[in-house]
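Fold and contact review
Each chain, letter by letter, is given below.
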Amino acid sequence: MDITIRGITKRFGGYTALRGIDLDIRSGELLALLGPSGSGKTTLLRAIAGLEPIDGGRVLFGEVDATRLSVQERRVGFVFQHYALFKHMTVLDNVSFGLRMRPRALRPPRDEIRRRALELLDLVQLGGLHQRYPSQLSGGQRQRVALARALAIEPRVLLLDEPFGALDAKVRKDLRRWLRRLHRETGYTTVFVTHDQEEALELADRIVVMNRGVIEQVGSTDQVYDTPSSPFVFDFLGSPNVLPGEVRDGAVYLRGAAAPIDGAGGLADGAVDIYARPGDFRVVADDPAAVDGRVIEAQRTGVLVRLTVSLRSNGHTVEIEIPQPDPEIKVWSAGDAVRLRPAHFSLYRERPGQALEIAQDRSGDYAAPGSRGR
Amino acid sequence: MSRHPPPAGPAPAPFAPLVQTNAAIGEPPAVRLALIALTLLFLGVFLLLPLASVFTQALAKGFHAYASALADPDALSAIRLTLLAAAVAVPLNTVFGVAAAWAIARFQFRGKNFLITLIDLPFSVSPVIAGLIYVLVFGAHGWLGPWAAAHGIKVIFAVPGIVLATIFVTFPFVARELIPLMQSQGAEEEYAAITLGARGWRMFWHVTLPNIRWGLLYGVLLCNARAMGEFGAVSVVSGHIRGLTNTMPLQVEILYNDFQFVGAFALASVLALLAFVTLGVKSFLEWRHGDELAAVRGH
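Cut-off values and rules
- Residues numbered from 1 in each chain as written.
- Chains lettered and ligands numbered in written order.
- Predicted model: local features only at pLDDT ≥ 70, side-chain atom pairs only at ≥ 80, totals over all residues.
- Heavy atoms only, no water.
- Helix = DSSP H or I, 4+ residues; strand = E, 2+ residues; numbered from the N terminus.
- Buried < 20%, exposed > 50% of the residue type's maximum accessible area, 1.4 Å probe, protein only.
- Contact = heavy atoms within 4.5 Å.
- Areas by Shrake-Rupley, 256 points an atom, 1.4 Å probe, with all protein chains shown as cover.
- Pairing = 2+ DSSP bridges.
- Axes fitted to C-alpha atoms, helices over the stretch in contact; angles between N-to-C directions.
- Core = buried A, V, L, I, M, F, W, Y, C linked by side-chain atoms within 4.5 Å.
- Buried area = accessible area lost by both parts, 1.4 Å probe.
- Salt bridge = Lys/Arg side-chain N within 4 Å of Asp/Glu carboxyl O.
- Polar contact = N/O pair within 3.5 Å; in protein donor to acceptor, adjacent residues only side chain to side chain.
- Expected span 1.5 Å × (residues − 1).
- Bend = angle between axes of the 7 residues up to and from the residue.
- Phe/Tyr/Trp six-rings, centres within 6.5 Å; stacked < 30°, edge-to-face > 60°.
- Lys NZ or Arg CZ within 6 Å of the ring centre and 35° of its normal.

**Here's the deal with the overall build of chain B**
In terms of helices and strands, chain B carries 14 helices and zero strands. Starting at the N terminus and ending at the C terminus, chain B contains elements arranged as α-α-α-α-α-α-α-α-α-α-α-α-α-α. For chain B, buried positions account for 38% of its 299 residues. The contacts of chain B with a sequence gap of at least 6 include a subset with a gap of at least 24, amounting to 73%. Accessible surface, chain B as shown: approximately 17200 Å² in total, 72% of it carbon and sulfur.

**Considerations on the sheet that holds strand E7 (residues 157-161) of chain A**
Residue and element names in this part refer to chain A. Across the sheet, which stays open at both edges, the six strands sit in the order E6-E7-E8-E3-E9-E10 with mixed pairing between neighbours. On the outer flanks of this sheet lie strand E6 (76-79) and strand E10 (214-220), each paired with one strand and no other. The average angle at which neighbouring strand axes cross in this sheet is 15°, direction not considered. Note: strand E3 (residues 30-34) against strand E9 (residues 206-211), four bridges, orientation parallel. Paired with Leu31 across the strands is Arg206, a residue of E9. Most of the contacts of helix H5 (residues 139-151) go to E6, to which it runs at about 170°, and overall it touches E6 and E7.

**Points about the nonpolar core**
A general feature of soluble globular proteins is that nonpolar side chains tend to end up buried together. Residues Val95, Leu147, Leu179 and Ile207 of chain A are the most contacted members of the largest nonpolar core, which totals 43 residues. The greatest single-element share of this core, amounting to six residues, is contributed by H5 of chain A. Excluding residues that lie within four positions of it along the chain, Leu147 of chain A makes contacts with Val79, Leu158, Leu160, Trp178, Leu179 and Leu182 of chain A. Listed in part, the 41 residues of the second largest apolar core include Phe80 and Met210 of chain A together with Ala198 and Met203 of chain B.

**Brief notes about the environment of Leu23 of chain A**
Residues and elements named next belong to chain A. For Leu23, the location among the structural elements is in strand E2 (residues 15-25). Residue Leu23 is classed as buried on the basis of its relative accessible area of 4%. Once the C-alpha coordinates of Leu23 and Met89 are considered, the two residues, 66 residues apart in sequence, prove to be 37 Å apart. With residues near it in sequence (within four places) discarded, Leu23 still touches Ile3, Thr4, Ile5, Arg6, Leu31, Leu33, Leu44, Val208, Ile215 and Val218.

**A closer look at the interface of chain A and chain B**
The partner chain B presents 23 residues to the 28 residues of chain A that form the contact. Taking both sides of the interface into account, the surface hidden between chain A and chain B amounts to around 2400 Å²; carbon and sulfur atoms contribute 63%. It is Gln72, Lys87 and His88 of chain A that lose the most area in chain A upon contact with chain B, and together they represent 31% of the buried surface on that side. Viewed at the interface, chain B and chain A are joined by two salt bridges. We note a salt bridge from Glu189 of chain B to Lys87 of chain A, for which the minimum N-O separation is 2.5 Å. Taken together, the connections running from chain A to chain B amount to five residue pairs in polar contact (both at pLDDT 80 or more). Within the residue set of the side of chain A that touches chain B, elements represented by two or more residues are helix H2 (71-74), E6, helix H3 (91-100) and H5 of chain A.

**Remarks on the environment of Trp178 of chain A**
Residue and element names in this part refer to chain A. Turning to its location among the elements, Trp178 is positioned in helix H6 (residues 169-186). Given a relative accessible area of 8%, Trp178 falls into the buried group. With 25 residues separating them in the primary sequence, Trp178 and Leu203 have C-alpha atoms 9.9 Å apart. When residues no more than four places from it in sequence are discounted, the contact partners of Trp178 are Leu123, Val124, Gln125, Arg144 and Leu147.

**What to know about the sheet that holds strand E15 (residues 281-284) of chain A**
All names here are of chain A. Strands sit in the order E15-E19-E16-E17-E18 across an open sheet of five strands; the sheet is antiparallel. Two strands lie at the open edges of the sheet, namely E15 and strand E18 (317-323), each paired on one side alone. Taken pair by pair, the neighbouring strands of this sheet meet at an average axis angle of 45°, ignoring direction. Note: E15 against strand E19 (residues 337-342), four bridges, orientation antiparallel. The residue bridging Val283 from the neighbouring strand is Leu340, located in E19.

**With respect to helix H8 (residues 172-185) of chain B**
Residues and elements named next belong to chain B. Across its 14 residues, H8 extends 20 Å between first and last C-alpha, which sits within 8% of the 20 Å expected from 1.5 Å per residue. All of the buried residues in H8 are Pro172, Phe173, Val174, Ala175, Leu178, Ile179 and Met182. Each element contacted by the buried residues of H8 is listed here: helix H3 (73-106), helix H4 (112-124), helix H7 (159-170) and helix H10 (200-229). Directly after H8, the chain includes Gly186, whose backbone phi takes a positive value near 75°.

**Observations regarding H10 of chain B**
Look at H10 of chain B: only 36 Å from first C-alpha to last across 30 residues, short of the 44 Å you get at 1.5 Å a residue. Along its length, H10 of chain B reaches its greatest deviation from straightness, about 55°, at Arg213 of chain B.

**Some remarks on the packing of aromatic side chains**
Under the defined criterion, the tally for this structure stands at 20 aromatic pairs over all chains. Here the aromatic rings of Phe86 of chain A and Phe97 of chain A are separated by 4.5 Å at their centres, their planes lie at 50°, and the arrangement is tilted. Residue Phe86 of chain A is found in the loop between E6 and H3, and its partner Phe97 of chain A is found in helix H3; the two are separated by 11 residues along the sequence. The pair Phe86 of chain A / Phe97 of chain A is uniform in exposure class, with both members buried. A ring pair is formed by Phe234 of chain A and Tyr348 of chain A, whose centres lie 6.4 Å apart and whose planes are at 85°; its orientation type is edge-to-face. One end of the pair, Phe234 of chain A, is in helix H9 (residues 231-236); the other, Tyr348 of chain A, is in strand E20 (residues 344-350), with 114 residues separating them in the sequence. One aromatic cluster in this structure is built from Phe96, Tyr134, Phe138, Phe168 and Phe171 of chain B. Geometry around Tyr253 of chain A places Arg248 of chain A over its ring, the cationic atom sitting 3.9 Å from the centre.

Here it is, written out as structure tokens:
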């Protein structure tokens with residue numbers, strides 16, 4: 001079911017949690033709401049479910065205005081961060097709850113309810129545990145009971161609030177893969193909230209990056225990762241290095257370099273920030289577009305070498321990761337001189353004299369021509 | 001790898017678990033013994049001894065005297081009145097307590113703290129004042145007294161006054177027990193229930209009530225104990241009409257002041273027995289639903 005969100009605003013007292021959110025959720029997709037705490041992502045999820053009354057805007061389920069529907073009528077499957085399983089009920093009673101609560105006319109017969117609940121427990125690989133109480137299950141198992149319970153009502157949309165937040169790393173990885181497969185098999189439109197960029201990238205079809213109550217960027221995982229629309233998005237999806245650069249004569253130069261690394265693509269002359277991830281740097285022998293630096297620290301991490309390099313132009317340090325070429329070949333050590341240039345990068349420009357108010361006026365503060373590869 | 005024999009005695013074996021005894025964090029045996037002895041002594045002197053004396057005094061002149069003291073019409077009337085007051089006050093305060101706890105734990109509204117203070121009021125004012133309030137309101141010269149008299153309603157020195165005073169004095173118990181419980185449990189399970197389609201009443205019945213039932217039970221038991229044992233407030237509004245407006249505690253005092261010790265202690269023993277029944281019901285329910293309780297608490 002397509003979900004259309006238009007201009008949702010939510011205030012808590014004097015604090016604005018959502019500032020006019022517009023979003024289209026496509027039927028059958030797996031969408032991640034990604035952002036730091038306080039970005040409004042959970043509030044948005046709860047607003048879709050109807051658990052959070054909104055101050056303005058509308059939510060449409062297909063053609064139906066869900067804003068007029070009660071939580072019960074919206075029929076959304078909501079999985080809470082701490083599962084919110086009914087502690088006093090067995091796993092089976094938890095899963096069958098939604099069906100048992102239906103009005104008598106719509107309620108399937110007892111045997112049918114039981115059969116469907118058991119089927120769902122098989123689907124979430126908990127067959128045989130139906131007589132347990134939630135307290136007798138592990139965190140990962142509780143998570144799956146919560147999911148089965150939400151699926152039992154055949155929801156219009158499945159909403160997951162930090163679904164793996166309370167689990168340890170190993171279980172989290174397994175569950176991610178499993179959820180991805182479950183989504184493929186069942187095809188439910190699914191929206192999940194996370195603050196973990198890796199989780200969002202690994203699991204989602206599309207990612208919505210949120211910050212301070214607004215959407216910074218919406219796009220496929222590739223779009224969001226490769227062409228972050230703002231320094232915030234870039235920062236949130238990986239630890240960026242910021243290099244000083246400038247635009248002159250229609251080309252982008254690293255500061256101190258003789259040759260441009262890229263065309264300006266319509267950018268006006270002046271200083272520009274060049275954002276690049278650690279893995280996007282290349283150490284080059286002789287390249288006029290590259291800049292000089294000195295290795296402060298070299299650390300081998302498996303197949304990669306992580307170098308901390310101090311730039312000659314401004315003394316700032318950058319962290320770069322490059323493949324270990326060959327065990328036989330000597331690699332870098334502290335004190336070595338290196339020349340490097342970013343192979344992939346994004347350009348952002350701060351308007352002079354303005355504070356970095358990304359959330360409030362992001363379009364004005366930054367000219368964001370997007371990111372270009374070499 | 002060689003096998004180590006299990007550590008024998010208190011000697012620290014090389015592979016003994018780190019927390020084998022709690023000697024490191026516990027108290028020395030002498031202190032422990034002293035604490036236990038002190039507790040037992042205190043309980044014995046202030047609880048068991050008086051309780052035992054109630055029963056010995058009641059049975060001092062044999063079982064026959066005890067039975068006939070209880071069969072006295074005034075005594076029976078006092079028992080009936082006490083049970084009636086409790087039977088009205090406890091259900092009303094249960095409903096009120098759940099409603100108040102629900103409002104306070106689940107909603108944000110202005111004046112919430114004031115409401116909490118109001119709920120505590122019966123705890124903080126003397127029961128005698130509570131009784132006087134009703135005399136001032138419903139007495140012959142009170143605000144509503146003449147109106148009530150004109151309509152043939154007798155409140156003060158009658159059963160309605162006793163019931164009202166009992167309700168007033170016992171109304172914080174259930175709410176006080178439930179508010180912190182519901183606040184700490186949060187509303188997540190209720191949210192889950194409504195997303196799954198449960199409407200208000202069914203959500204309450206299937207999710208809220210099972211989660212609070214033990215707190216509710218404690219609150220109801222405390223409320224009941226106080227309702228049956230209340231003296232001060234009831235004493236002010238009762239008028240001490242024998243066979244009509246005397247509850248058990250009042251009757252006990254009257255008999256005692258008349259030097260009818262067997263009668264006084266016999267009735268007191270019934271009050272004590274009612275307390276035992278209350279405790280017994282509670283223990284039985286805990287035993288009966290022990291595993292469920294453990295499942296809920298262990299979460």
